[in-house]
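Residue-level structural notes
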Amino acid sequence: MIEINKEIYNIKEIANYLNLSVSGIRKLVREGKIPYFRVGNRIRFDIRKIDVWLEELEKKENRIILN
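Because the structure is predicted, anything quoted here is derived from the model rather than measured. (Residues numbered from 1 in each chain as written. Predicted model: local features only at pLDDT ≥ 70, side-chain atom pairs only at ≥ 80, totals over all residues. Heavy atoms only, no water.)

1. Comments concerning the sheet that holds strand β3 (residues 42-46)
Convention followed: Think of it this way: DSSP has to see at least two bridges between two strands before they count as a pair. Numbering goes from the N terminus for both helices and strands, where a helix is a DSSP run of H or I of at least four residues and a strand is a run of E of at least two.
With antiparallel pairing, 3 strands are arranged side by side in an open sheet as β1-β3-β2. Whereas interior strands pair on both sides, the edge strands pair on one side only; in this sheet they are β1 (8-9) and β2 (37-39). Pairing analysis gives 2 bridges linking β1 to β3, with the strands arranged antiparallel. Bridging from a neighbouring strand, Tyr9 pairs with Phe45 of β3.

2. Describing the nonpolar core
Here is the rule: To define a nonpolar core, start from buried Ala, Val, Leu, Ile, Met, Phe, Trp, Tyr and Cys residues and group those joined through side-chain atoms within 4.5 Å. Exposed residues in this analysis have more than 50% of their type's maximum accessible area, buried residues have under 20%, and partly exposed residues fall in between, with area computed by a 1.4 Å probe over protein chains only. It only takes one pair of heavy atoms within 4.5 Å for two residues to be counted as in contact.
In terms of nonpolar packing, the biggest core is built from 14 residues, with Ile14, Leu18, Ile25, Ile34, Phe45 and Ile50 touching the most fellow members. Listed by contribution, the elements that provide at least two residues to this core are α1 (11-18), α2 (22-30), β3 and α3 (47-66). It is α1 that contributes the most residues to this core, 4 residues altogether. Setting aside residues no more than four positions away along its own chain, Leu18 makes contact with Ile25, Ile34, Ile50, Trp53 and Leu54.

3. Quick word on a nonpolar patch on the surface
Let me state the cut-off plainly: To count toward a patch, a residue needs a relative accessible area above 30% and no salt bridge. Like charges then connect within 9 Å, nonpolar side chains (Val, Leu, Ile, Met, Phe, Trp, Tyr) within 5 Å. Note that accessible areas follow from Shrake-Rupley with a 1.4 Å probe, and for residues the cover is restricted to the protein chains shown. Salt bridge, as applied in this entry: a Lys or Arg side-chain nitrogen positioned within 4 Å of an Asp or Glu carboxyl oxygen.
A contiguous nonpolar surface patch, about 230 Å² in accessible area, is contributed by Ile8, Phe37 and Val39. Relative to the assigned elements, Phe37 resides in strand β2.

Structure follows, in structure tokens:
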């Protein structure tokens, strides 16, 4: 069954969504640079928070370029 409006992603799915490696995502998690939460010992990502995080990164980058 395919879920159309999926909001919670696992590490492989978020790596695919962000076009990064799983090890790259794990590094961002370790460094506290990406929003995530745990369900037991499993890492999960709320796609809404990831999208907000991406928008904030884009704003920061634009401010750096403009200054």
